[in-house]
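Coordinates in review
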Amino acid sequence: MFSSLFLLLGALAAISSVRGQSVIVPGAHWTDTSGNAIQAHGAGIFKVGNTFYWVGEDKSHNSALFKAVSCYSSTDLVKWSRNNDALTPIANTMISTNNIVERPKVIFNSKNQEYVMWFHSDSSNYGAAMVGVATAKSPCGPYTYKSSWKPLGADSRDEGLFQDDDGTSDKVSLRTAYLLYASDNNQNFKITRLDDNYYNVTTTASQLNGATLEAPGIVKRNGVYWLLASHTSGWAPNPNKAFHATSLSGSWSSEADIATESVRTWYSQNAYDLPLGSNAIYMGDRWRSDLLGSSTYIWYPLDFSSGSPQLIHADVWSVNLAAGTWSVASGTTYEAEKGTRSGSSTLLSDSSFSGGQAVGYLGNGGSVSITVQGRGAAQWVALYFANGDSSWRNTTVSVNGGSPVWVDQPSTGGGHVIISVPVQLNLNSGSNTITFSAGQSNYAADLDKIIVY
Ligand SMILES: *[C@@H]1O[C@H](CO)[C@@H](O)[C@H](O)[C@H]1NC(C)=O
Ligand SMILES: *[C@@H]1O[C@H](CO)[C@@H](O)[C@H](O)[C@H]1NC(C)=O
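Keep in mind that this is a model prediction, so the values were computed, not measured.

1. Observations concerning the overall build of the protein
- Helix and strand counts for the protein come out as two helices and 31 strands.
- Seen through its principal axes, the protein has C-alpha atoms that stretch 65 × 45 × 40 Å.
- Counting across all 453 residues of the protein, residues that qualify as buried make up 57%.
- Taking the intrachain contacts of the protein between residues at least 6 apart in sequence as the baseline, contacts between residues at least 24 apart amount to 58%.
- Carbon and sulfur atoms provide 49% of the accessible area of the protein, an area that totals close to 17,200 Å².

See the structure below:
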């Protein structure tokens, strides 16, 4: 049952790429051009000519231990092809299958004409707290591992790289680059300059004492450096923050929200921040700690127009790379409380629900059916829900009485915090009945509304 559902989801994803839709759907199960799940968590993105490369952690074995740094390429940020793995385990080194390799980031060193990868290099209990470096002559390598060590003798866990433009648009001369990292048992956050080879760190430009920051990225907009980072809460999400400064030596502003705090960055953690026009794209991970390989990617436009970057929550959106802009798809909203309830499902009232109401006690005999209009196509449908448990829930979704698909519903934390997850469904042209949570013996999350795109 489980595998046939996954085949079904795979087939639907394929239909969408055949149809040529170039949309980004945060939190969906993204597949590559061969139809396989994209395994590139803790992303690092870099561009060579017109091609974007995405290196990340292959967690298809559902373990934190090192399997591979995968390498994907794309010219549109939507259709990704998997290339050879960029880095693979080497027995009896810090990058063996018994160790941790996380958050790979790559920059090009023009002096040596080579690509340099930095990553968080650690032991299985995260006690070693090192960085690792590997180099290659081509974007996906394979990379040659150099070593792992503690930069300037201190801890380094979650890290990122930032390559400055050095005030010019000249891409040829050597650009100053920095390691951004959680140091000193994750208490202090450091920004440390790299040497001319990008093989080692030299001097610390900034140290944010007691900042407890992880998952860093920097984008430079109009001469201002914006540091994006999460705080420390393990695999669970927290409200990621933005800091700014006009020099990498600081001084840094106090932290600012990039989204309403309660949604915990829409259940995600920053991995990489890619400039787009005068704005950027936030690229985060929605970690699923009990099934790491099923962790999804949460990419949203990061809008700088207010002067302080804000995530644009978008279920379905697209990017225009040439123009440096994005557009958010609009859909039709259907309130769950207007649907037909069955069994033990109940109406819940709370001002945090859209329309003031949601449907609860779904699953274990409770279900709700909502009538929606379709286009006769594979369409994205976003489920807006609240799951007050600390663990994930899920719901079955069935169209016009067909076989159900399962949709995961992450914890949304205490209270009635609402987030959304997408599912792609084949809808008939005209009226369709979508039934939620029928035939499941566990409770689904409270369903607030759905949006059909
Ligand atoms: C980095 O530089 C430090 C200080 O100069 C040195 O002790 C260390 O061995 C270097 N590490 C690597 C990996 O080159
Ligand atoms: C749905 O969630 C329950 C826990 O609430 C879990 O036991 C079950 O395996 C999940 N089903 C699927 C298909 O993911």
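The discussion continues.
2. What about the site of ligand 1?
- Near ligand 1 you find S147, W149 and N200, and these make up its full shell.
- Within the side chain of N200, an N or O atom sits 2.3 Å from an oxygen atom of ligand 1.
- Starting from 360 Å² of accessible surface for ligand 1 in isolation, the protein chains cover 35%.

3. Focus: the pattern of salt bridges
- For the coordinates displayed, the defined rule picks out 17 salt bridges.
- K59 is the partner of E57 in a salt bridge, and the nearest nitrogen-oxygen pair spans 3.1 Å. Of the two residues, E57 and K59, both sit in the buried class.
- Among the ionic pairs, K190 bridges to D184, the shortest N-O distance being 3.1 Å.
- One connected set of salt bridges, linked through shared partners, spans D122, K150, D155 and R157.

4. Considering the UniProt feature "domain: CBM6" (unreviewed entry) in the protein
- Listed under "domain: CBM6" (unreviewed entry) in the UniProt record, and renumbered for this structure, are residues 332–453.
- The span residues 332–453 shows a helical share of 0% and a strand share of 59%, and its end C-alpha atoms are spaced 7 Å apart.

5. A closer look at the sheet that holds strand β12 (residues 201–208)
- The sheet built from four strands is open, its strands ordered β9-β10-β11-β12 with antiparallel pairing. Each of the sheet's edge strands pairs with one partner strand only, and the pair in question is β9 (159–163) and β12. In this sheet, adjacent strand axes meet at a mean angle of 25° when their direction is disregarded.

6. Overview of unusual backbone geometry
- Here the bond from G141 into P142 is cis, since omega is 15°, no more than 30 degrees from zero.
- One can find P142 in the loop between β7 (130–136) and β8 (144–149).
- The omega torsion of the bond from G250 to S251 falls at 5°, within 30 degrees of zero and hence cis.
- As for its placement among the helices and strands, S251 is situated in the loop between β15 (241–245) and β16 (256–257).
- Here the phi dihedral of Y126 falls at roughly 60°; this positive angle occurs in a residue that is not glycine.
- One can find Y126 in the loop between β6 (114–122) and β7.
- Y126 sits in the partly exposed class, given a relative accessible area of 24%.

7. Here we look at the domain arrangement of the protein
- Annotation of the protein at the domain level lists domain 1 (41–328) and domain 2 (332–452).
- Each of domain 1 and domain 2 was reduced to a C-alpha centroid, and the two centroids are 34 Å apart.
- Contact with domain 1, which involves 11 residues of that partner, is made by 15 residues of domain 2.
- Summing the contributions of domain 1 and of domain 2, the shared interface buries around 1,000 Å²; its carbon and sulfur component is 56%.
- Here R288 ties to D408 by a salt bridge, and the two come within 3.2 Å at their closest N and O atoms.
- Inspection of the domain 1/domain 2 interface yields six residue pairs in polar contact (both at pLDDT 80 or more).

8. Focus: the nonpolar core
- If you look at the biggest cluster of nonpolar residues, it comprises 79 residues, and the most contacted ones within it are W54, W299, L383 and I450.
- Counting residues per element, this core draws most heavily on strand β27 (residues 367–386), at 10 residues.
- Residue assignment places this core across two domains, with domain 1 (41–328) and domain 2 (332–452) each supplying three or more.
- Discounting chain neighbours no more than four positions away, the residues touching W299 are I24, P26, W30, I45, W54, L77, W80, I281, Y282, M283, G284 and W317.
- Core analysis: the second largest hydrophobic core is formed by 19 residues, Y53, A86, V106 and Y145 among them.

So, how was this worked out
- Residues numbered from 1 in each chain as written.
- Chains lettered and ligands numbered in written order.
- Predicted model: local features only at pLDDT ≥ 70, side-chain atom pairs only at ≥ 80, totals over all residues.
- Heavy atoms only, no water.
- Helix = DSSP H or I, 4+ residues; strand = E, 2+ residues; numbered from the N terminus.
- Buried < 20%, exposed > 50% of the residue type's maximum accessible area, 1.4 Å probe, protein only.
- Contact = heavy atoms within 4.5 Å.
- Areas by Shrake-Rupley, 256 points an atom, 1.4 Å probe, with all protein chains shown as cover.
- Near = heavy atom within 4 Å.
- Polar contact = N/O pair within 3.5 Å; in protein donor to acceptor, adjacent residues only side chain to side chain.
- Salt bridge = Lys/Arg side-chain N within 4 Å of Asp/Glu carboxyl O.
- UniProt positions renumbered as here; feature names shortened; annotations may be inferred.
- Pairing = 2+ DSSP bridges.
- Axes fitted to C-alpha atoms, helices over the stretch in contact; angles between N-to-C directions.
- Domains from an automatic or database assignment.
- Buried area = accessible area lost by both parts, 1.4 Å probe.
- Core = buried A, V, L, I, M, F, W, Y, C linked by side-chain atoms within 4.5 Å.

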